[in-house]
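# Examining the three-dimensional arrangement
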Amino acid sequence: LLHYMVIGPKRFAHDGPQVYYFNLFTRIIHWIAAISFSLLTITGLLVIFGKVFGGGAVIMAGRSVHILFAIIFTISAVPMFLVWLRDMLPAGYDIKWLFVMGGYLSKENMPVPSGKFNAGQKMWFWLATLGGFVMAYSGFILWSFQGPVDSLRLMAIIHNFLGAALTAFFFTHLYMALFAIAGSLGSMISGYTSKEEVAILHSRYKS
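How each quantity is defined
By convention here, each chain's residues receive numbers from 1 onward along its written sequence. pLDDT decides what is reported in this predicted model: residues at 70 or higher carry local features, side-chain atom pairs at 80 or more are listed and counted, and totals for whole chains, interfaces and linings draw on all residues regardless. Only heavy atoms go into the side-chain values, all of them from the structure, while hydrogens and water stay out. A run of H or I in DSSP counts as a helix once it spans at least four residues, and a run of E counts as a strand once it spans at least two, with each numbered from the N terminus. In this analysis, the expected span of each helix is defined as 1.5 Å times one less than the number of residues it contains. Two axes define the bend at a residue: one fitted to the seven residues ending there, one fitted to the seven starting there, and the bend is the angle between them. Contacts described as polar in this section are N or O atom pairs within 3.5 Å, which, within protein, must combine one atom able to donate a hydrogen with one able to accept it, while residues neighboring in sequence count only if both atoms come from side chains. For each residue, the accessible area found with a 1.4 Å probe, counting protein chains only, is set against the maximum for its type, and the residue is called buried under 20%, exposed over 50%, and partly exposed in between. Centres within 6.5 Å make a pair out of two Phe, Tyr or Trp rings, where for Trp the six-membered ring is used; the pair is then stacked when the planes are under 30 degrees apart, edge-to-face when over 60, and tilted otherwise. Here, over-ring charges are defined by two tests on the NZ atom of lysine or the CZ atom of arginine: distance to the ring centre within 6 Å, and angle to the ring normal within 35 degrees.

The terminal C-alpha atoms of helix α5 (residues 119-144), which comprises 26 residues, lie 37 Å apart, in line with the 38 Å expected from a rise of 1.5 Å per residue. The axis of α5 is deflected most strongly, by about 25°, at G132. Sitting at the amino-terminal end of α5 is N118, which places a side-chain oxygen 3.0 Å from the backbone nitrogen of G120.

Moving on: helix α2 (residues 24-48). For α2, built from 25 residues, the straight-helix expectation of 36 Å at 1.5 Å per residue is met to within 8% by its first-to-last C-alpha distance of 36 Å. For α2, the set of buried residues is T26, R27, I29, H30, A33, S36, F37, L40, T41, T43 and G44. For α2, the side-chain oxygen to backbone nitrogen distance between the N-cap and F25 is 3.2 Å, and the N-cap itself is N23.

This part is about the packing of aromatic side chains. Enumeration over the complete set of coordinates arrives at 18 aromatic pairs. With centroids separated by 5.0 Å and ring planes inclined at 65°, the aromatic side chains of Y21 and Y205 adopt a geometry described as edge-to-face. With Y21 in the loop between β1 (18-20) and α2 and Y205 in the segment after α8 (195-201), this pair connects stretches of sequence that are 184 residues apart. Of the two residues, Y21 and Y205, neither departs from the other in class, the shared state being buried. For the pair F81 and F125, a centre-to-centre distance of 5.7 Å together with 10° between the ring planes defines the contact as stacked. With a gap of 44 residues between them, F81 in helix α3 (residues 57-84) and F125 in helix α5 connect regions that are remote in the sequence. The residues F81 and F125 share a single accessibility class, namely buried. Through successive ring pairs, a cluster of aromatic residues spans F37, F73, W124, F169, F170 and F171. Sitting over the face of the ring of Y21, K116 holds its NZ or CZ atom 5.5 Å from the ring centroid.

Distances and angles like these do not, on their own, reveal function.
Right, dumping it as structure tokens:
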């Protein structure tokens, strides 16, 4: 909220030249993962704070939904990982991107060093995929409730703390897509993004 009020969103001309950025398969996989992850976040918080919400049938239903979409997310994360792996590998200019915070602390639209995905998106990718697989494994152990008590406690700690980190990054990703870059969500719907936006926010990208 502070960033939006002080800096404001970055705006680019979306009615001009466009770049085909995401193909149909990539968009479908992303939306399956995004919707399932959103429901995992909501239901996960419901289960954790079940007592606050009074427990009962709603929380139990939330737990069932959580398990269902954990399976869906894990399945969708596999092709998403393979499709984006190459573009998500670290590059030297990612360090420069971090030093200027991607230009998001400036009101000026100056080119920043980034390939198809910036350093922030890369961090989110690795946390969401590899972290997601760890969450799936630890969640399965907790759901099956088999094994030594100490192992179950360790899995619970990993699941909760990693879940907190994922939730924090998820809300950041959501803010960037919905508010920090005006109109950016459209690229994951149509597949096209503004050529001006690519030139500024992904200056090292060559289609």
